[in-house]
Amino acid sequence: MFGDVLPIESVITAAYVHIPFCRRRCFYCDFPVSVLGDRRDGSNAQSVGQYVEVLCQEIRTTLVEPGLAPLKTIFFGGGTPSLLTPKQLEQILTSLDRACGIAPDAECSIEIDPGTFDLAKLQAFKALGINRFSLGVQAFQNTLLQACGRSHTVADSFTAVEMLHSIGAKNWSLDLISGLPHQTLEDWQVSLEKAIALSPTHLSCYDLVLEPVTAFGKQYEPGATPLPTDTLTAEMYRTAQAVLTTAGYQHYEISNYAQPGAQCRHNLTYWHNQAYYGFGMGAASYTQGQRFTRPRSRATYYPWVAQGCPITVAPQTTTDQLLETLMVGLRLAEGVDLGKFSAAQQTQIQEAIAPYLATGWVKLRGNQLALGDPDGFLFSNTILASLFEQFD
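Below or above, wherever it landed, is the structure these notes cover. (Residues numbered from 1 in each chain as written. Predicted model: local features only at pLDDT ≥ 70, side-chain atom pairs only at ≥ 80, totals over all residues. Heavy atoms only, no water.)

## Quick word on the overall build of the protein chain
Here is step 1: Secondary structure summary: the protein chain contains 14 helices and 16 strands in total.
Here is step 2: Each principal axis of the C-alpha atoms in the protein chain carries an extent, and together these give about 60 × 55 × 40 Å.
Here is step 3: Relative to its 392 residues, the protein chain shows a buried fraction of 53%.
Here is step 4: Partitioning the contacts of the protein chain with sequence separation of at least 6, the portion at a separation of at least 24 is 70%.
Here is step 5: Here the protein chain has roughly 17,300 Å² of accessible surface; of this, 51% comes from carbon and sulfur atoms. (Helix = DSSP H or I, 4+ residues; strand = E, 2+ residues; numbered from the N terminus. Buried < 20%, exposed > 50% of the residue type's maximum accessible area, 1.4 Å probe, protein only. Contact = heavy atoms within 4.5 Å. Areas by Shrake-Rupley, 256 points an atom, 1.4 Å probe, with all protein chains shown as cover.)

Next comes the structure, spelled out in structure tokens:
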């Protein structure tokens, strides 16, 4: 139960590693990335090798305590981690293994983009211990891919999937985006159907978010043509839920679907509000009751590592931790166990959610609080706003 003192995580078994390089910056992306240009990767871009060296230095500097727990999940995100060479990926994995160890049954995930790897690279990644691949397809219409600045084509996506099947990848995910400019409900249905036909074990379906610093954020106003209306994007969400669950995928998180046993173990760490390491430019970590985000550019990240990776942040308050537990936990279909909270906190939570019980947006079974699927997930921001107001 949450008390006056935050618990200190003594065992951390998850690590996120940020690889910031992309051939292009997608028009919806606000992640910390460095653009290399078409046909550039870790084999012919000196900046990638330099970054890997600094990243490994951060790992060595940060993980210095004896007796650290072996990692059970590692997630290489980006950016486009598939631009690394196998040798560069091995260099990072070796640094992590030497610092704290990697469990024999660890889930090792890597994000890969169509057109950024060949069969030999994929085989090498698998030989290094990568056992979960996350393929960024986004759409199955070339016009939509071009409209959002992607560097691959639909044909590249099918080729990438063929390579995954040919290496015997048993656990792989496919990403799609709804709410894109000019995207129709028919486009979305076609993408869902084509995705299902490819038989990924996991599917992530994200709704486009207009971030102010992105090309889309500067070009479009929310809800304005050619963006789909709010009503249409809601219908896209409901369609994904209906189509994918009918096809046997479990809707286990607000944006994620999995075949039985194929949930992303690493991301469950975030949604259960557990501690994790973060390494690399712009990466976030949550250790010892503190959240910290690293510098977001190479120009600031490199000097920070050279200075010994100093971290000075204030610990979370009890209320901060309570609200974050609700915010991330309610993303899961299983929801949150209210038994974690004090009696007074449970009363406040029940007062905040009372208006949504009759609508079915919220479900309370014993101590287990969860959002309804799909409409509870659709209106989760409204529900969370009520919870935040209750504890403000």
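## Some remarks on the state of the cysteines
Here is step 1: Tallying each qualifying case throughout the model produces zero disulfides.
Here is step 2: No disulfide involves Cys100; its sulfur sits 11 Å from that of Cys108, the nearest cysteine.
Here is step 3: By relative accessible area, Cys100 is classed as buried at 9%.
Here is step 4: For the unlinked cysteine Cys205, the closest cysteine sulfur is that of Cys264, found at 15 Å. (Disulfide = S-S within 2.5 Å.)

## Some thoughts on the environment of Arg291
Here is step 1: You can see Arg291 is positioned in strand S13 (residues 290-293).
Here is step 2: There is a polar contact of 2.5 Å between the side chain of Arg291 and the side chain of Asn273. (Polar contact = N/O pair within 3.5 Å; in protein donor to acceptor, adjacent residues only side chain to side chain.)

## Notes on the pattern of salt bridges
Here is step 1: Tallied over the entire structure, the rule returns six salt bridges.
Here is step 2: Between Arg238 and Asp375 there is a salt bridge, and its shortest N-O distance comes to 3.0 Å. Of this pair, Arg238 sits in helix H8 (residues 230-246) while Asp375 sits in helix H13 (residues 375-378), and the two are 137 residues apart along the sequence.
Here is step 3: A residue is classified by how much of its surface remains accessible, and Arg238, at 27% relative accessible area, is partly exposed.
Here is step 4: What makes Asp375 partly exposed here is its relative accessible area of 26%.
Here is step 5: Across the pair Glu324 and Arg291 runs a salt bridge whose closest N-O atoms are separated by 2.4 Å. With a gap of 33 residues between them, Glu324 in helix H11 (residues 318-329) and Arg291 in strand S13 connect regions that are remote in the sequence. (Salt bridge = Lys/Arg side-chain N within 4 Å of Asp/Glu carboxyl O.)

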